[in-house]
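If you want the building blocks of each chain, they are given just below.
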Amino acid sequence: MLSLRLPRLLRVDQMPQVFHEQGILFGYRHPQSSAIACVLSLFQMTNETLNIWTHLLPFWFFLWKSVTRFYGTDIQHDSYSWPLLVYMGTSCVYPLVSSCAHTFSSMSQKARHICYFLDYGAVNLFSLGSAIAYFAYVFPDALMHTRFHDCYLSVAVLNTIFSTGLACYSRFLETQGSRLYKLLRVLAFAYPYIWVSLPVLYRLFLLPGDSALSEATLYHQKHTAMTLLASFFYSAHLPERLAPGRFDYIGHSHQLFHVCVVMATHLQMEAITLDKNVRKESLLIASKPLSLAQLVGAILLNLLFSLSNVICFSAALYRVPEPKGHQKEL
């Protein structure tokens, strides 16, 4: 009978330094795994398995929500729904790319970096999708037609481009042993999120009693709280930092981070949809819907420059020698 042999797992001291995760001691895949071995590892309990599934399953869930949300809608002629369509699309892209990055990141040291370069680009594409949806549906009336409103999307595009580059650069600092890499990576994602969230923060802190916005605002509050919790898990490396080896397979911080991010996205989806439906009449009076040219232009600029970042940093990997002394005999 044909039988498939699952890949052998390794200890942290058998792995090159670039694969080390703080507080994770066991369950590492071979650092030169084949693509087939990477796919097979989806059905083997490794320290990456739940990282993969906690984004792969939400990808299908968000895809299903996107299809059902627009079923029966005349998208071609309903320009008011275009920003939501863009947002839902980017909500599907980032978990899919993330799950692929975690799946194939053990093929080699360079492949690991390139996988996460693409992951950073996908996260920033989602950030831009959020900005587009906020611009179209979430902006409070008091901020309409202000200088902030006028420059909001343009700055969001620039932020995502710079953020992708900074996050990619942080991986080079990591390979050099610099302690600044984590700070730069957190900063790379924190400041675009803060900019994109300013309209929501304005509503939460300056318009807390607005009854017309109360239901959607409740979801925005939950989304903000869940995002902060996700940021905590991403940066703190808890609980595995306190008990190395105890949370290698289930319950380590990156898994918890993924779960919180997915829940935050779901809450954000509900908040944006409520704002879109409840505020439609007032928003159509206050401002024109974003044109197709504006939407396509913003997405294409992001893709062009973010992919350029990914290509340039990937090419740089082949000009920088890999650190010596980290490869263990396997």
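Q: An account of the overall build of the protein is requested, with residue identities and associated values reported.
A: Along the protein, the regular secondary structure elements total 10 helices and 0 strands. For the protein, the succession of helices and strands along the chain, N to C, is α-α-α-α-α-α-α-α-α-α. Since a compact globule built from 330 residues should have a radius of gyration of about 20 Å, the 21 Å found for the protein is in line with a globular shape. Along the first, second and third principal axes, the C-alpha set of the protein runs to 70 × 45 × 40 Å. By the burial criterion, 51% of the 330 residues in the protein qualify as buried. Residue pairs at least 24 apart in sequence account for 75% of intrachain contacts in the protein once pairs closer than 6 positions are excluded.

Q: Any chance you could break down the confidence of the model for the protein for me, citing the residues and the numbers?
A: In the predicted model, the protein carries a mean pLDDT of 91, and the fraction of residues at 70 or more is 94%. The model gives residues 325-329 a pLDDT under 50, and that stretch makes 9 contacts with residues more than four places away or in other chains.

Q: For the packing of helix α2 (residues 49-70) against helix α8 (residues 253-278), give the residues involved together with the corresponding values.
A: Relative orientation of the contacting elements α2 and α8 amounts to 10°, with a least axis distance of 8 Å. Overall, the two elements α2 and α8 adopt an arrangement that is roughly parallel. In contact with L50, N51, T54, H55, P58, F61, F62, K65 and R69 of α2, α8 contributes H254, Q255, H258, V259, V261, V262, T265, H266, M269, E270 and T273. The residue makeup of the contact of α2 with α8, split by class, is 8 nonpolar, 9 polar and 3 charged.

Q: Residues and numbers for the pattern of salt bridges, please.
A: Close approach of charged atoms allows side chains of opposite charge to pair. Considering all chains together, one arrives at 7 salt bridges under this definition. For D275, the salt bridge goes to R203, with nearest N and O atoms at 3.0 Å. With D275 in helix α8 and R203 in helix α6 (residues 180-206), this residue pair connects regions lying 72 residues apart in the sequence. You can call R203 buried: its relative accessible area is 1%.

Q: An account of the packing of aromatic side chains is requested, with residue identities and associated values reported.
A: The final tally for this structure, using the stated rule, is 21 aromatic pairs. For the ring pair F61 and F62, a centre distance of 5.8 Å and an interplane angle of 50° mean the geometry is tilted. You can call F62 buried: its relative accessible area is 0%. Members of the aromatic cluster, each reached through a chain of ring pairs, are F135, F139, F148, Y152 and W195. Residue placement shows K222 over the ring face of Y219; its charged tip is 5.5 Å from the ring centre.

Q: Please give an account of the layout of surface pockets that cites residues and values.
A: Estimated volume of the second largest pocket: approximately 280 Å³. In terms of lining, the second largest pocket is formed by 18 residues, of which the most central are F135, H149, K288, L290 and Q294. Broken down by secondary-structure element, the contributors of at least two residues to the lining of the second largest pocket are α4 (109-138), α5 (147-175) and α9 (280-286). Ranked by the residues each element gives to the lining of the second largest pocket, the list is headed by α5, at 4 residues.

Q: So what's going on with the environment of V186? Which residues, and what values?
A: Counting through the fold element by element, V186 comes out in helix α6. When the C-alpha positions of V186 and P199 are compared, they lie 22 Å apart, and in sequence the two are 13 residues distant. If we skip the residues at most four places from it in the chain, V186 touches Y234 and S235.

Q: Any details on the environment of S308? Residues and values, ideally.
A: Among the structural elements, S308 can be located in helix α10 (residues 292-317). Among the residues examined, S308 registers a relative accessible area of 30% and is labelled partly exposed.

Q: Requested: an account of the nonpolar core, with residues and values cited.
A: The biggest cluster of nonpolar side chains holds 52 residues, and the ones touching the most others in it are Y87, I132, Y137, Y152 and I272. Top contributing element to this core by residue count: α4, with 12 residues. Sequence-distant contacts of Y152, defined by excluding residues within four places in its chain, comprise A131, Y134, F135, F139, W195, V196 and P199. Counting residues in each nonpolar core, the second largest holds 14 residues, with F117, Y120, F313 and L317 among its members.

Q: Outline a nonpolar patch on the surface, supporting the account with residue identities and numerical values.
A: Taken together, the side chains of L118, L292, V296, L300, L303, L307 and I311 define a hydrophobic patch exposed on the protein surface, amounting to about 620 Å² of accessible area. Ranked by residues supplied to the nonpolar patch, first place goes to α10 with 6 residues. Structurally, V296 can be placed in helix α10.

Q: Go over the packing of α6 against helix α7 (residues 214-236) with me, naming the residues and quoting the values.
A: Two numbers describe how α6 lies on α7: the axes approach to 11 Å, and their chain directions differ by 170°. Judged on the interaxial angle alone, α7 and α6 are roughly antiparallel. In this structure, α6 contributes K182, R185, V186, Y193, V200, R203 and L204 to the contact, and α7 contributes A216, T217, H220, Q221, H223, T224, T227, Y234 and S235.

Q: Residues and numbers for α6, please.
A: At 3.6 residues per turn, the α-helix brings residues three or four places apart onto the same side. When the local axis directions of α6 are compared, the greatest deviation, roughly 55°, occurs at L198, which is followed within four positions by the proline P199. The inward-facing, buried residues of α6 contact α4, α5, α7 and α8.

What counts, and at which threshold
- Residues numbered from 1 in each chain as written.
- Predicted model: local features only at pLDDT ≥ 70, side-chain atom pairs only at ≥ 80, totals over all residues.
- Heavy atoms only, no water.
- Helix = DSSP H or I, 4+ residues; strand = E, 2+ residues; numbered from the N terminus.
- Rg over C-alpha atoms; globule rule 2.2 N^0.38 Å.
- Buried < 20%, exposed > 50% of the residue type's maximum accessible area, 1.4 Å probe, protein only.
- Contact = heavy atoms within 4.5 Å.
- pLDDT = per-residue confidence, 0-100.
- Axes fitted to C-alpha atoms, helices over the stretch in contact; angles between N-to-C directions.
- Parallel < 35°, antiparallel > 145°, perpendicular 65-115°, else oblique.
- Nonpolar A, V, L, I, M, F, W, Y, C, P; charged D, E, K, R; others polar.
- Salt bridge = Lys/Arg side-chain N within 4 Å of Asp/Glu carboxyl O.
- Phe/Tyr/Trp six-rings, centres within 6.5 Å; stacked < 30°, edge-to-face > 60°.
- Lys NZ or Arg CZ within 6 Å of the ring centre and 35° of its normal.
- 1 Å grid on protein atoms, 1.4 Å probe; cavity = no way out; pocket = protein on both sides within 12 Å on 5 of 7 lines; lining within 4 Å.
- Points joined across faces, edges and corners; volume = space filled by probe spheres on them.
- Core = buried A, V, L, I, M, F, W, Y, C linked by side-chain atoms within 4.5 Å.
- Patch = residues over 30% accessible without salt bridge, like charges linked within 9 Å, V, L, I, M, F, W, Y side chains within 5 Å.
- Areas by Shrake-Rupley, 256 points an atom, 1.4 Å probe, with all protein chains shown as cover.
- Bend = angle between axes of the 7 residues up to and from the residue.

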